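For reference, the chains in residue letters:
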Amino acid sequence: DPQQLELATSGKRKLRRFIVIDEVVDKLYGSKVREYFEENNVQHKILALPTTEETKSMDLVLNILQEVQNFSIDRRTEPIIAIGGGVCLDIVGLAASLYRRRTPYIRVPTTLLSYVDASVGAKNGVNFLQCKNKLGGYTPPVASFLDRSFIQSIPRRHISNGLGEILKMALMKHKGLFDLLKSHGKYLLDTKFQSYSSSADHGDAALQTTRIAIETMLEELAPNLWEDDLDRLVDFGHLISPELEMRVLPSLMHGEAVNIDMAFMTYVAHVRGLITAEEKEQIIQCMRGLELPVWHSGCSWPLIKRALMERLKHSGGQPRMPLPTGLGVAEIFNDTSEKTLERAYELWVRD
């Protein structure tokens, strides 16, 4: 809006920003963030919060909204800024969507998982009654600012966690991305997705993998932003993992739970004859190379059955099960028998 732009840049009114930052990120980067707003003469309030799966609740949303009300923002020209991992971006997105019915917000992801996953799309939400993201909505941010330099300070396990969601897109949609992860997975873990001019052997693997992961995610999400169509390839790894993740909190991170789900579904695809034994083995070996768990004792047969029953409730009475039909190609199936699932589970546990 030209009028709003003129008002913002004319100096007639001081720029104001309300920022929610994860408390761990605040310890690492808070001083730089404050310096940035001070240097640009922006009046600001920074709220540092513990944003974890355990605190991802309506209470935290209301806490944020109380502070937003106290600070008093213009609901059209002063976006709320979220700086943190996926949980932080989800919580702030929901808070912004509720405040005055829709206040703009900006996502600044600081973990690999949020960089390639939570930064993309329109969804936001919180956990409720021990169910993952049970409350939420679809309000896209006005912008996502992607800066890989944040990722250099996160632990190696968190890098691996993000690689789980990248692998999901590779298995569903992009053989080239799968090959990149197979060839450069250890390098990406070692370098924490930073780009170095000395890494000629690896091209710019970090830039390539993140770009392809985000582009393939956008290809899937953009035509179906509000999930009117429930047949979604991006749900691969998300049929059993929500139940598993909430059941064993905090022992599994999101990408790890997703990968365990994907490992099981890889066996389902193999038992159904959709992929060969060699392709199954390539997928499992790639997961191991990315230092992702391929099995968890909490993922019992009763839990799998319960999770798939929940799936039916929320997907129009159909399982809508995305399965690989090769490396980098997939389809959605509604006809997987319990016998097939049980056979796949036996083989998976055996291996």
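Residues numbered from 1 in each chain as written. Predicted model: local features only at pLDDT ≥ 70, side-chain atom pairs only at ≥ 80, totals over all residues. Heavy atoms only, no water.

Where an unreviewed UniProt entry is consulted, the protein appears under the name ARO1 protein, with the organism given as Grus americana. Listed under Cofactor (unreviewed entry) in UniProt, the entry text for the protein is "NAD(+)". (UniProt positions renumbered as here; feature names shortened; annotations may be inferred.)

Draft legend 1. Local environment of the overall build of the protein. Looking only at helices and strands, the protein features 13 helices and nine strands. The globule rule puts the C-alpha radius of gyration for 351 residues at 20 Å, and the 21 Å found for the protein is close to it. Taken along the three principal axes of its C-alpha coordinates, the protein extends 70 × 50 × 35 Å. Taken across its 351 residues, the protein has 53% of its residues classed as buried. Long-range contacts, defined as pairs at least 24 residues apart, comprise 75% of the intrachain contacts of the protein with a sequence gap of at least 6. When the 42 positive and 45 negative side-chain charges of the protein are each reduced to one mean point, those points stand 3 Å apart. (Helix = DSSP H or I, 4+ residues; strand = E, 2+ residues; numbered from the N terminus. Rg over C-alpha atoms; globule rule 2.2 N^0.38 Å. Buried < 20%, exposed > 50% of the residue type's maximum accessible area, 1.4 Å probe, protein only. Contact = heavy atoms within 4.5 Å. Lys, Arg positive; Asp, Glu negative; His and termini not counted. Charge placed at Lys NZ, Arg CZ, Asp CG, Glu CD.)

Draft legend 2. Structural detail: the UniProt feature "domain: 3-dehydroquinate synthase N-terminal" (unreviewed entry) in the protein. Look at the UniProt record and you will see "domain: 3-dehydroquinate synthase N-terminal" (unreviewed entry) annotated at residues 48-160. Across residues 48-160, helical content stands at 35% and strand content at 25%; the span's end C-alpha atoms are separated by 26 Å.

Draft legend 3. Representation of the packing of aromatic side chains in the model. Inspection of the entire model under this criterion finds seven aromatic pairs. Aromatic side chains tyrosine 36 and phenylalanine 37 sit 5.3 Å apart centroid to centroid with 80° between the ring planes, which places their arrangement in the edge-to-face category. You can call phenylalanine 37 buried: its relative accessible area is 7%. A ring pair is formed by tryptophan 301 and tyrosine 345, whose centres lie 5.7 Å apart and whose planes are at 40°; its orientation type is tilted. A residue pair is termed long-range when its members are at least 10 positions apart, and tryptophan 301 in helix H12 (residues 301-314) and tyrosine 345 in helix H13 (residues 338-350) qualify at 44 residues. One exposure class covers both tryptophan 301 and tyrosine 345, and it is buried. Each member of the aromatic cluster is reached from another via a ring pair, and the members are Phe264, Trp301, Tyr345 and Trp348. A cation sits over an aromatic face here: arginine 16 above phenylalanine 71, 4.1 Å from the ring centre. (Phe/Tyr/Trp six-rings, centres within 6.5 Å; stacked < 30°, edge-to-face > 60°. Lys NZ or Arg CZ within 6 Å of the ring centre and 35° of its normal.)

Draft legend 4. Inspection of the sheet that holds strand E3 (residues 80-84) at higher detail. The strand order E2-E1-E3-E4-E7 describes an open sheet built from five strands, whose pairing is parallel. Strands with a single pairing partner mark the edges of an open sheet, and in this sheet they are strand E2 (43-49) and strand E7 (143-144). Judged from the two bridges that link them, strand E4 (residues 105-109) and E7 form a sheet pairing that is parallel. When the sheet's bridge partners are listed, isoleucine 106 is paired in E7 with alanine 143. Where helix H2 (residues 23-39) meets the sheet, its contacts fall on strand E1 (16-22), E2 and E3, and the angle it forms with E1 comes to roughly 160°. Strands in contact with helix H4 (residues 86-98) are E1, E3 and E4; relative to E3, the strand with the most contacts, it is inclined by about 165°. (Pairing = 2+ DSSP bridges. Axes fitted to C-alpha atoms, helices over the stretch in contact; angles between N-to-C directions.)

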